[in-house]
Amino acid sequence: LEQAWLTLARLRAALGDEAGAEAYLQKGLQYLPQGIGLLFERAALETRRGNDTRAIDWYRRIIAADSASVDAWLGLGAAALRSRQPALAIDAAGKAIALAPASADAHVIAAYGSYLQGDLPKARESASRARELAADWLQLETRRIALHRHEDGRPRLLVDGAPSPLSLSLSHSGDWLAI
């Protein structure tokens, strides 16, 4: 049943009808209030709208339903970064790291959160760990990996000085970079 509501919502969104997508998600959530897929899709809808404060609320609902969801903690951290809430981003990244220590994404979020707070030593430490994890995953030497940021503050991974073609595999997290 959850998949049916998701399919209808995604179809409406693909047709450019975000209000219709939202209506299908809301209807699905009436029947399945803890439907993780529906909650993630709702968070993605708010992210696409640029409403990160609302996305944060939806990620918190996901975490209330499944506190072991690394994807939810990453989504919360990313939305917190975009809404300039570095303390929340760092906390969410820490929870993701506790659940998945090899998550380069979590270390990137922690690095940018620390940077926004002005804690440059911690930002460098987290960025260095993210680079190591990315290099391991890509089977590259660490020196070939660099972390930069887009003008809007999102992290950007460079390999050999060029933007990486990698993208976040989580449809609910918008356009955030993943490794």
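Numbers given to residues run from 1 along each chain, matching the order in which its sequence is written. Local features in this predicted model are restricted to residues whose pLDDT is 70 or higher, and side-chain atom pairs enter the listing and the counts only when it is 80 or higher, whereas totals over whole chains, interfaces and linings include all residues. For side-chain calculations, the full set of non-hydrogen atoms in the structure is used, while hydrogens and water are omitted.

## Quick look at the confidence of the model for the chain
Atomic detail in the predicted coordinates should be set aside for any region of low pLDDT. Each residue carries a pLDDT score, the predictor's confidence in it, ranging from 0 to 100. Looking at the chain as a whole, its pLDDT mean stands at 84, while 82% of the residues score no less than 70. Each helix corresponds to a stretch of at least 4 residues labelled H or I by DSSP, and each strand to a stretch of at least 2 residues labelled E; elements are numbered beginning at the N terminus. Averaged over each element, pLDDT in the chain is lowest for strand E1 (residues 145-149) (68) and highest for helix H6 (residues 86-99) (97). The contact rule is simple, with two residues in contact once any of their heavy atoms fall within 4.5 Å. Note that pLDDT drops below 50 for residues 166-179; the model gives that stretch 46 contacts with residues more than four away or on any other chain.

## What about the packing of aromatic side chains?
Any Phe, Tyr or Trp ring, taking Trp's six-membered ring, that has another such ring centre within 6.5 Å forms a pair; planes under 30 degrees apart are called stacked, those over 60 apart edge-to-face, and the others tilted. Under the criterion given, the structure shown has 3 aromatic pairs. With a centroid separation of 6.0 Å and an interplanar angle of 15°, the aromatic rings of tryptophan 5 and tyrosine 31 are classed as stacked. With tryptophan 5 in helix H1 (residues 2-14) and tyrosine 31 in helix H2 (residues 18-31), the pair connects residues that are 26 residues apart, well separated along the chain. Judged by its relative accessible area of 15%, tryptophan 5 is buried. Look at phenylalanine 40 and tyrosine 59: their rings are 6.3 Å apart centre to centre, the planes differ by 70°, and that puts the pair in the edge-to-face class. Here tyrosine 59 lies in helix H4 (residues 52-65) and phenylalanine 40 lies in helix H3 (residues 36-48), a separation of 19 residues in the sequence. Three labels apply to residues, based on accessible area from a 1.4 Å probe with only protein chains included: buried if under 20% of the type maximum, exposed if over 50%, partly exposed otherwise in between.

## Some words on helix H5 (residues 70-82)
Multiplying 1.5 Å by the helix residue count minus one yields the expected span of that helix. In a regular helix each residue adds 1.5 Å, so 13 residues correspond to 18 Å; H5 covers 18 Å between its end C-alpha atoms and thus fits that length. Next to the buried residues of H5 lie H3, H4, H6 and helix H7 (104-117).

## Focus: the packing of H3 against H4
In this description, a line fitted to the C-alpha atoms serves as the axis of each element, helices being fitted only across the stretch in contact, and the angle between N-to-C directions of two axes falls anywhere from 0 to 180 degrees. Two elements in contact, H3 and H4, have axes whose closest approach is 7 Å; the angle formed by their N-to-C orientations is 165°. Classed by the angle they form, the pair H3 and H4 counts as roughly antiparallel. You can see that H3 and H4 cross each other, and the crossing is left-handed. On H4, the residues that touch Ile36, Leu39, Phe40, Arg42, Ala43, Glu46 and Thr47 of H3 are Asp52, Arg54, Ala55, Trp58, Tyr59, Arg61, Ile62 and Ala65. Here the word oblique covers every angle except those under 35 degrees (roughly parallel), over 145 (roughly antiparallel) and from 65 to 115 (roughly perpendicular). Should the near helix be turned anticlockwise from the far one by less than a right angle, the crossing is termed left-handed; should it be turned clockwise, right-handed.

## Section: the nonpolar core
One broad rule of soluble globular proteins: the nonpolar side chains tend to lie buried together. Counting 37 residues, the largest nonpolar core has Tyr59, Leu76 and Ile109 as its most contacted members. Breaking this core down by element, the ones donating at least two residues are H1, H2, H3, H4, H5, H6 and H7. Tallying contributions element by element places H5 first for this core, with 9 residues. Contact partners of leucine 76, with chain neighbours within four places excluded, come to Ile56, Tyr59, Arg60, Ile63, Leu88 and Ala92. Working definition of a nonpolar core: buried Ala, Val, Leu, Ile, Met, Phe, Trp, Tyr and Cys residues. They are joined through side-chain atoms within 4.5 Å.

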